[in-house]
Amino acid sequence: MIVLQLFLEFALLSFVAFGGATALLPEMHRVVVENHHWLDDTTFTHLYAIAQAAPGPNVLVVTLIGWKVAGLAGALAATIAMCLPMSVLIYLLIDRWESFAGKRWQKAISIGVSPLAVGLIFSGATLIAQAAQFGWAAWLLVAATVAANLRFKLHPLWYIGVGALLGLLGLV
Amino acid sequence: MSEPQTTPSKKRPDLRALFLAFSSVGLSGFGGVLPFARRMLVEERQWMTAEEFNAQLGLCQFLPGPNVVNLAVVVGKRYQGALGAIVAPVGLLAGPLAIVLLLALLYDAYGSLPVAQGMLRGIAAVGSGLLFAMAWRMGAAIKDKPWFLPFTALVVIAIAGLRWPMPWVMVAGLALSGGVAFWRLGKK
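## Some thoughts on the overall build of chain A
- Scanning chain A from terminus to terminus reveals eight helices and zero strands.
- For chain A, the α and β elements follow one another from N to C terminus as α-α-α-α-α-α-α-α.
- Considered along the principal axes of its C-alpha atoms, chain A spans approximately 55 × 45 × 25 Å.
- Counting over 172 residues, chain A shows a buried share of 57%.
- Summarising the internal contacts of chain A: among those between residues at least 6 apart in sequence, 61% fall at separations of at least 24.

## Let's talk about the interface of chain A and chain B
- Listed per partner, the contact involves 90 residues of chain A and 79 residues of chain B.
- At the level of elements, helix H1 (2-14), helix H2 (25-35), helix H3 (41-53), helix H4 (60-93), helix H6 (104-131), helix H7 (136-151) and helix H8 (156-168) of chain A are the ones that each hand at least two residues to the side of chain A that touches chain B.
- Of the residues that constitute the side of chain A that touches chain B, the class distribution is 62 nonpolar, 24 polar and four charged.

## With respect to H7(A)
- Under the 1.5 Å per step criterion, the end-to-end length of H7(A) is 22 Å for 16 residues, consistent within 8% with the ideal 22 Å.
- Three or more residues of H7(A) are buried, namely Ala138(A), Leu141(A), Val142(A), Thr145(A), Val146(A) and Asn149(A). Burial along H7(A) is one-sided: seen end-on, the buried residues are contained in an arc of 135 degrees. H7(A) presents Trp136(A), Ala147(A) and Arg151(A) as exposed residues on the side facing more than 90 degrees away from its buried surface.
- Buried residues in H7(A) make contact with H6 and H8 of chain A together with helix H5 (114-140) of chain B.

## Regarding the domain arrangement of chain A
- Examined at the domain level, chain A breaks down into domain 1 (2-133) and domain 2 (134-172).
- Put simply, the middle of domain 1 of chain A and the middle of domain 2 of chain A, counted by C-alpha atoms, are 24 Å apart.

## Quick look at unusual backbone geometry
Residues and elements named next belong to chain A.
- The phi dihedral of Gln133 is positive, around 50 degrees, even though this residue is not glycine.
- With respect to the helices, strands and loops of the structure, Gln133 is situated in the loop between H6 and H7.
- By C-beta crowding, Gln133 is classed as exposed, having 11 other C-beta atoms within 10 Å.

## Remarks on the confidence of the model for chain B
Residue and element names in this part refer to chain B.
- Residues of chain B with pLDDT of at least 70 account for 94%, and the chain-wide mean is 91.
- Low pLDDT, under 50, characterises residues 1-7; the stretch is placed with zero contacts to residues that sit more than four places away or in other chains.
- For this predicted complex, the interface confidence reaches an ipTM of 0.94, while the overall pTM sits at 0.92.

## Some words on the nonpolar core
- Ranked by internal contacts, the top residues of the largest apolar core, which has 119 residues, are Leu64(A) and Ile121(A).
- Viewed by domain, this core spans two of them, domain 1 (2-133) and domain 2 (134-172) of chain A, each represented by three or more residues.
- With residues up to four places along the chain from it excluded, the contact list for Leu64(A) reads Leu47(A), Ile50(A), Ala51(A), Val100(B) and Ala104(B).

## A closer look at H8(A)
- Look at H8(A): 18 Å from first C-alpha to last across 13 residues, which is about the 18 Å you get at 1.5 Å a residue.
- Positioned one or two residues after H8(A), Gly170(A) has a phi angle of 75 degrees, which is positive.

## Here's the deal with the packing of H4(A) against helix H4 (residues 67-110) of chain B
- Across the interface, H4(A) lies against H4(B) with an axial gap of 11 Å and an inter-helix angle of 165 degrees. It follows that H4(A) is roughly antiparallel to H4(B) by the angle criterion. For the pair H4(A) and H4(B), the sense of crossing is right-handed.
- A per-class count over the contact of H4(A) with H4(B) returns 19 nonpolar, four polar and one charged.

What counts as what
- Residues numbered from 1 in each chain as written.
- Chains lettered and ligands numbered in written order.
- Predicted model: local features only at pLDDT ≥ 70, side-chain atom pairs only at ≥ 80, totals over all residues.
- Helix = DSSP H or I, 4+ residues; strand = E, 2+ residues; numbered from the N terminus.
- Buried ≥ 20, exposed ≤ 12 C-beta atoms within 10 Å, placed from the backbone.
- Contact = placed C-beta atoms within 7 Å.
- Nonpolar A, V, L, I, M, F, W, Y, C, P; charged D, E, K, R; others polar.
- Expected span 1.5 Å × (residues − 1).
- Arc of directions from axis to C-beta.
- Domains from an automatic or database assignment.
- pLDDT = per-residue confidence, 0-100.
- Core = buried A, V, L, I, M, F, W, Y, C linked by C-beta atoms within 7 Å.
- Axes fitted to C-alpha atoms, helices over the stretch in contact; angles between N-to-C directions.
- Parallel < 35°, antiparallel > 145°, perpendicular 65-115°, else oblique.
- Left-handed = near helix turned anticlockwise from the far one by under 90°.

Structure (structure tokens):
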């Protein structure tokens with residue numbers, strides 16, 4: 001029962017999704033492409049690209065993966081699995097948040113988590129590059145994007161548009 | 001049922017307003033919609049003050065998972081209880097979900113064309129660059145870098161290099177990195 005399996009895998013991942021769904025890219029690739037062979041490398045990077053080009057929260061890449069693995073049921077199962085456990089937990093905890101916000105252990109976890117999240121997102125970036133088997137032109141585009149993004153404040157759609165255009169022309 | 005106002009915020013949205021407001025947030029952003037949620041809640045509709053927003057966002061960012069979905073649950077619960085906590089995140093996700101599924105259908109139909117493959121490849125390259133930039137910016141914001149950036153390196157080695165399962169890496173990493181943070185907090 002692939003939908004149930006998908007649901008359980010993604011529900012487990014939701015508990016370690018520090019940094020949101022973006023931070024989960026490497027692990028989703030490991031589970032979906034390497035372990036279960038539900039998708040291949042190319043499809044995985046295509047789905048990531050589609051999620052980038054669509055409006056909405058980052059979590060939608062999960063929806064797309066679910067869709068490709070098991071259709072509409074898969075899309076809903078993966079999305080709900082990713083959102084539900086923490087939604088329930090936050091529903092139960094929010095009224096007591098003030099009682100532990102700012103405690104030493106709470107601050108320690110917050111501080112401790114952020115370098116890990118940075119590592120996860122960096123890994124996600126390298127993984128996309130690896131799975132898509134970037135050539136030198138694509139790496140040049142990656143570098144230009146990093147430089148422009150750190151330097152200027154442009155709407156993300158500009159980058160998406162340039163990427164799509166260069167790709168369309170067969171340049172990357 | 002309307003109760004007397006006790007919160008400093010002026011307005012109390014009903015379920016419909018929650019759904020529509022979070023729908024507009026979900027559809028307005030590319031690559032993360034949290035800033036749009038803040039603008040909607042604090043500036044446009046004034047359902048929360050900036051202080052209230054920051055306080056509630058604290059737990060949303062503390063817990064794992066999509067922060068903005070967590071935020072929708074919190075805001076929904078605050079104004080309309082359990083129903084609100086369901087309606088707000090559903091509103092946030094319904095529109096973008098429909099769009100993304102439409103794109104998935106297009107991908108199924110035309111994804112194998114060379115033109116589509118080229119475009120997606122270009123977008124993936126840009127997307128990878130945006131992730132590197134995001135990691136750089138988040139890394140630059142970390143305080144006490146000599147103590148904590150080594151944990152970033154360990155995560156990259158374990159996840160990108162060795163391909164170890166992430167739940168174990170995160171549990172171990174959090175124990176170490178959180179432990180160091182706990183110890184450093186005690187020294188101040």
